[in-house]
Amino acid sequence: MKLTGHAGETVLLCQMCNAIAQGFMQPWIPALPPPTAPATPSKDKSEKAEKTKDDRVIEYALNTTNGQETKNLVPISTRHPLITSWVFCKQLLNQQMPKNLGHDDENLHSQGPMCRALCAVEMLSLQNNGLPEFTGTCPTLPEIVKLVDGCQWSDNLAELQMWSRLSVLAFNAENHSLVLHCGQRAVAFAESDKCLTKRQPKKPDSIFQHKLVVEQEMLYYGSVVMGQSLMKNMQGKNEIRRDALVCFVNACRFGQKAGNYDLVIAAARHYWNAIKPFIVEPIERELLREPMEAVLECIAAVAANEVGKEDEDDDEDTESAPEKKASKKPVSSKGEKEKKAKDKEGDKKKDKEKEKGKPGQYNHTLCLLRYH
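Each value, and the rule that gives it
Residues numbered from 1 in each chain as written. Predicted model: local features only at pLDDT ≥ 70, side-chain atom pairs only at ≥ 80, totals over all residues. Heavy atoms only, no water. Core = buried A, V, L, I, M, F, W, Y, C linked by side-chain atoms within 4.5 Å. Buried < 20%, exposed > 50% of the residue type's maximum accessible area, 1.4 Å probe, protein only. Helix = DSSP H or I, 4+ residues; strand = E, 2+ residues; numbered from the N terminus. Contact = heavy atoms within 4.5 Å. Axes fitted to C-alpha atoms, helices over the stretch in contact; angles between N-to-C directions. Parallel < 35°, antiparallel > 145°, perpendicular 65-115°, else oblique. Left-handed = near helix turned anticlockwise from the far one by under 90°. Phe/Tyr/Trp six-rings, centres within 6.5 Å; stacked < 30°, edge-to-face > 60°. Lys NZ or Arg CZ within 6 Å of the ring centre and 35° of its normal. Expected span 1.5 Å × (residues − 1). Polar contact = N/O pair within 3.5 Å; in protein donor to acceptor, adjacent residues only side chain to side chain. Salt bridge = Lys/Arg side-chain N within 4 Å of Asp/Glu carboxyl O.

Asks: Explanation requested: the nonpolar core in the structure shown.
Replies: One recurring pattern in soluble globular proteins: nonpolar side chains tend to sit buried together. Val87, Val148, Trp153, Leu166 and Tyr271 are the most contacted members of the largest nonpolar core, which has 89 residues in total. Ranked by residue count, the leading element in this core is helix α4 (residues 112-126), at 10 residues. Excluding residues within four positions of it along the chain, Val87 makes contact with Met97, Cys119, Glu122, Met123, Leu126 and Phe134.

Asks: What am I meant to see in the environment of Phe254 here?
Replies: For Phe254, the location among the structural elements is in helix α9 (residues 238-258). For Phe254, a relative accessible area of 7% puts it in the buried group. Put simply, Phe254 and Met218 are 36 residues apart on the chain and 8.7 Å apart in space, counted from C-alpha to C-alpha. Apart from residues no more than four positions distant in its own chain, Phe254 is found in contact with Ala190, Gln216, Leu219, Tyr220 and Ser223.

Asks: Help me out: how do you make sense of the packing of α4 against helix α6 (residues 156-172) in this one?
Replies: Axis angle and axis distance: for two packed helices, these are the angle between their axes and the distance between the axes, and together they describe the pair. Where α4 contacts α6, the two axes come as close as 11 Å, and the packing angle between them is 30°. By the angle class used here, α4 and α6 are roughly parallel. Note on packing geometry: the crossing formed by α4 with α6 is left-handed. Where α4 abuts α6, its residues Leu118, Val121, Glu122, Leu124 and Ser125 lie against Met162, Arg165, Leu166 and Leu169.

Asks: Explanation requested: the packing of aromatic side chains in the structure shown.
Replies: The way to describe two aromatic rings as a pair is by their centre distance and the angle between their planes. Within the structure shown, the criterion is met by 1 aromatic pair. Centre to centre, the rings of Tyr220 and Tyr221 are 5.3 Å apart; their planes meet at 80°, and the pair counts as edge-to-face. Classification of Tyr220 as buried rests on a relative accessible area of 3%. Exposure remark for Tyr221: the relative accessible area of 34% places this residue in the partly exposed category. One residue, Lys232, lies across the ring of Phe171, its end atom 5.5 Å from the ring centre. Here the basic side chain of Arg241 rests over the ring of Phe278, its NZ or CZ set 5.9 Å away from the ring centre.

Asks: Is there a simple way to explain helix α10 (residues 261-275) in this structure?
Replies: Working note: α-helix, 3.6 residues per turn, so residues spaced by three or four point in the same direction. A rise of 1.5 Å per residue sets the reference length of α10, with its 15 residues, at 21 Å; its end C-alpha atoms lie 21 Å apart and thus fit the reference within 8%. Among all positions of α10, only Leu263, Val264, Ile265, Ala267, Ala268, Tyr271, Trp272, Ala274 and Ile275 are buried. Near the N-terminus of α10, the side chain that reaches the backbone nitrogen of Asp262, with its oxygen 3.2 Å away, is that of Asn260.

Asks: Honestly, the pattern of salt bridges in this entry has me stumped. Any pointers?
Replies: Between side chains of opposite charge, a pair can form when the charged atoms approach closely. A full pass over the atoms with the stated rule returns 8 salt bridges. For Asp149, the salt bridge is made with Arg185, and the minimal N-O distance between the two is 2.7 Å. In this pair, Asp149 is assigned in helix α5 (residues 141-149) and Arg185 in helix α7 (residues 176-187), connecting sequence segments 36 residues apart. We classify Asp149 as partly exposed; its relative accessible area is 37%. When the shortest N-O distance is used, the salt bridge between Glu159 and Lys194 registers 3.5 Å. Placement of Glu159 in helix α6 and of Lys194 in the loop between α7 and α8 (206-232) is noted, with a sequence separation of 35 residues between them. By relative accessible area, Glu159 is classed as buried at 7%. If you follow the salt bridges from partner to partner, you end up with Asp149, Glu159, Arg185 and Lys194 in one network.

Asks: What is the right way to read the environment of Trp153 from this model?
Replies: By the secondary structure assignment, Trp153 is in the loop between α5 and α6. The exposure class assigned to Trp153 is buried, which follows from its relative accessible area of 11%. Between the C-alpha atoms of Trp153 and Met114, which are 39 residues apart in sequence, the distance is 6.8 Å. Excluding its chain neighbours within four sequence positions, the residues that come into contact with Trp153 are Met114, Ala117, Leu118, Val148, Ala158, Glu159 and Met162. In terms of polar contacts, Trp153 uses its side chain to reach the backbone carbonyl oxygen of Val148, at 3.1 Å.

Function cannot be read off these values alone, since they describe shape.
Right, dumping it as structure tokens:
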């Protein structure tokens with residue numbers, strides 16, 4: 001690639017280098033060992049020489065697009081996958097990161113601060129994964145929060161992803177104050193002009209729809225983690241419990257907009273477990289009516305999509321069945337067809353009578369929540 005050049009197609013260059021590096025890394029990713037026995041990288045010189053290939057490929061793309069030449073500058077969203085692969089490659093090679101995290105540019109209007117923040121978040125995310133850890137050079141969680149907070153982000157989705165991931169990392173580290181700080185910064189996107197739902201074009205393409213799903217999922221994680229942290233640290237205070245309920249309801253809404261059934265159900269379960277102490281009192285039950293209906297509406301919306309997917313899978317299975325089996329069925333006469341039609345009409349009437357006595361959709365969904 002160095003000999004051929006990229007003819008100004010730097011985005012394509014980054015994508016190709018990342019794909020090549022991923023291919024180089026795949027054979028060297030060890031099986032996860034038990035927590036008590038961290039993996040140790042091989043010291044064979046031939047293996048290390050092979051492993052450094054992906055490092056050279058990634059660094060070539062990063063150096064080409066570091067901003068020294070304006071024509072080779074790419075969006076931060078294009079550099080992000082490269083940085084992710086680069087950090088993981090360094091971990092596989094058991095190499096420590098430089099103090100500047102690979103980026104010297106201190107100008108706030110450049111990509112240097114953003115790249116350092118992305119690199120720091122990736123380093124912290126890879127800690128305790130069974131591979132050699134970054135010792136000495138990995139910033140602490142509060143330091144990374146300051147790094148992310150001090151950047152002037154040119155990509156709103158990348159910024160949202162950082163705040164959502166930091167909220168999860170803070171929750172895992174049991175740092176309640178940082179969970180709230182990062183989660184609130186993430187959820188604030190939903191009300192700002194940065195939110196893609198407020199800038200949706202009339203005819204959104206597949207790329208925009210994908211970004212919209214990613215955005216709503218990031219908002220979901222920021223909201224649900226805040227709710228979990230509030231429940232964990234409420235110390236019996238019902239006011240804090242109510243704040244957590246708001247977070248869980250918002251998480252259900254975000255999951256619905258993302259069209260993710262599993263996320264909505266998970267948030268609904270958190271909500272149901274959180275409202276149990278309030279169900280005893282009639283006044284509290286009345287206050288819970290509206291948010292409960294909102295949760296059930298979210299479940300109903302994504303459940304319909306889930307049922308539709310299952311029906312499509314069933315249709316594909318029936319279509320793929322051999323045609324020979326269908327041809328072996330005996331041909332029925334007109335009299336038999338009329339009898340079958342009458343029987344079907346009778347069955348439909350019986351089904352309608354049974355459905356009249358069934359509870360509503362909300363009650364059925366509530367039962368599912370109760371026993372799952």
